[in-house]
Amino acid sequence: MKQVFGVFGNPIGHSLSPAMHNAAFSALGMDCIYHAFRVRPEKLEKAILGAEAMGFGGLNLTVPLKEEALKLDFIKPDPLAKRIGAVNTVIFEKTGEIQGYNTDGLGARQALLNAAVEIEGSRVVIAGAGGAARAVAFQLAADGADITVINRTEERALELAKEISAETLPGKINGAGLSGLKELLQDADILINTTTLGMHPNTDTTIATAEELHSSLTVFDIVYNPLETRLLREAKAAGAKTVSGVLMLVYQGAEAFKLWTGVEPPIELMKKTILEALQA
Ligand code: ATR
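Residues numbered from 1 in each chain as written. Predicted model: local features only at pLDDT ≥ 70, side-chain atom pairs only at ≥ 80, totals over all residues. Heavy atoms only, no water.

Thoughts on the overall build of the protein chain
Looking only at helices and strands, one finds 10 helices and 12 strands in the protein chain. Over its C-alpha atoms the protein chain spans a radius of gyration of 19 Å, differing by no more than 12% from the 19 Å that the globule rule assigns to 280 residues. Taking the principal axes of the C-alpha coordinates as reference, the protein chain spans close to 55 × 40 × 30 Å. By the burial criterion, 51% of the 280 residues in the protein chain qualify as buried. For the protein chain, contacts bridging at least 24 residues in sequence account for 68% of all contacts bridging at least 6. (Helix = DSSP H or I, 4+ residues; strand = E, 2+ residues; numbered from the N terminus. Rg over C-alpha atoms; globule rule 2.2 N^0.38 Å. Buried < 20%, exposed > 50% of the residue type's maximum accessible area, 1.4 Å probe, protein only. Contact = heavy atoms within 4.5 Å.)

Re the pairing of strand β2 (residues 32-38)
Summarising the sheet, strand β1 (residues 3-9) and β2 pair through 7 bridges and their orientation is parallel. Bridging from a neighbouring strand, F5 pairs with Y34 of β2. (Pairing = 2+ DSSP bridges.)

Looking at the layout of surface pockets
Roughly 1300 Å³ of volume is contained in the largest pocket. For the lining of the largest pocket, the secondary-structure elements that each account for two or more residues are α1 (17-27), β3 (58-61), α5 (131-142), α9 (245-261) and α10 (267-279). Here the lining of the largest pocket is built from residues that sort into 22 nonpolar, 16 polar and 3 charged. For the lining of the largest pocket, the two domains that each supply at least three residues are domain 1 (3-102 + 247-279) and domain 2 (105-243). Contributing to the lining of the second largest pocket are 13 residues, with G128, N151, R152, T195 and T196 lying nearest its centre. Taken together, the residues that form the lining of the second largest pocket break down as 4 nonpolar, 7 polar and 2 charged. (1 Å grid on protein atoms, 1.4 Å probe; cavity = no way out; pocket = protein on both sides within 12 Å on 5 of 7 lines; lining within 4 Å. Points joined across faces, edges and corners; volume = space filled by probe spheres on them. Nonpolar A, V, L, I, M, F, W, Y, C, P; charged D, E, K, R; others polar. Domains from an automatic or database assignment.)

Some thoughts on the nonpolar core
One finds L112, L140, I147, I192 and F220 to be the most contacted residues of the largest nonpolar core, which totals 56 residues. A per-element tally of this core places α9 first, with 10 residues. Non-local contacts of L140, meaning those with residues more than four positions away in its chain, are made with R109, L112, I119, V124, A145, I147 and I192. (Core = buried A, V, L, I, M, F, W, Y, C linked by side-chain atoms within 4.5 Å.)

Here we look at the domain arrangement of the protein chain
Segmenting the protein chain into domains produces domain 1 (3-102 + 247-279) and domain 2 (105-243). Computed from C-alpha atoms alone, the centre-to-centre distance between domain 1 and domain 2 is 25 Å. In this assembly, 14 residues from domain 1 lie in contact with 20 residues from domain 2. In this assembly, domain 1 packs against domain 2 so that about 1500 Å² is buried in total across both faces, 71% of it on carbon and sulfur atoms. Among the salt bridges present, the one from E167 reaches R83, with a minimum N-O distance of 3.1 Å. Remark: the boundary between domain 1 and domain 2 carries 4 residue pairs in polar contact (both at pLDDT 80 or more). The biggest single contributor to the side of domain 1 that touches domain 2 is α9, with 6 residues. (Buried area = accessible area lost by both parts, 1.4 Å probe. Salt bridge = Lys/Arg side-chain N within 4 Å of Asp/Glu carboxyl O. Polar contact = N/O pair within 3.5 Å; in protein donor to acceptor, adjacent residues only side chain to side chain.)

This is how it looks when you write it as structure tokens:
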């Protein structure tokens, strides 16, 4: 019998995950289907237990449910998901245990490694201090990066840096306001934009312009709508290496796929599927 996987969120209509995972299942000849379900936060508990009762193979959670999941005591979060404070992947173990993981940071790490970018010991500037920044910062701190989180609301950056510092991870971390960005970038190896600047419909906005960037920098924009953000264009103009947000989306999905099935998914096909869906 076909095994069902799903993503829960609200809104959920524009999710690219069904296309990506269904393409992978089909290419691997696995008798599985992945579907998007609109689930409100107050129904999350019933929805997850219902999925477990119906023998679902696994779940993804997206906005606004990732943080809600940690409030459910039947979900056992792994240490990274607990630190990040959000679960995006749920696993139903044969023992009946329900585990929560967060693959967003792993997706960002894999996108950088795929572009042959060194993480350990690199000086990384993360712009933004929201949920995405948390996932990326905790992961890269665990990987030994030297991180500065900068944010429009400086206190949020300082708070995130304080939380990560308390974890005795190998990497160093600081927080700052946006005004320090230009100077920080001069000595940085990697800039990661996790803010909504540049995202449709604000496609003219950017966290930095070409004059503030340089050719030994890698610029990674986690925004993938539009596919080429203004920040990535500015980075190209400065001669910097660029990494697309689509890769983070693909790799966080691939990590979830591996956790559920133990099978290595076809990354290139997943990427192609996402690109086609975005261009449609
Ligand atoms: P997510 O959970 O997806 O990361 P979020 O929590 O809404 O989203 O965070 C959005 C981030 O973009 C925040 O860091 C936000 O800065 P503030 O904490 O100051 O709100 C940042 N952001 C949004 N609009 C911005 C703008 N116009 N200029 C600079 N930063 C902006």
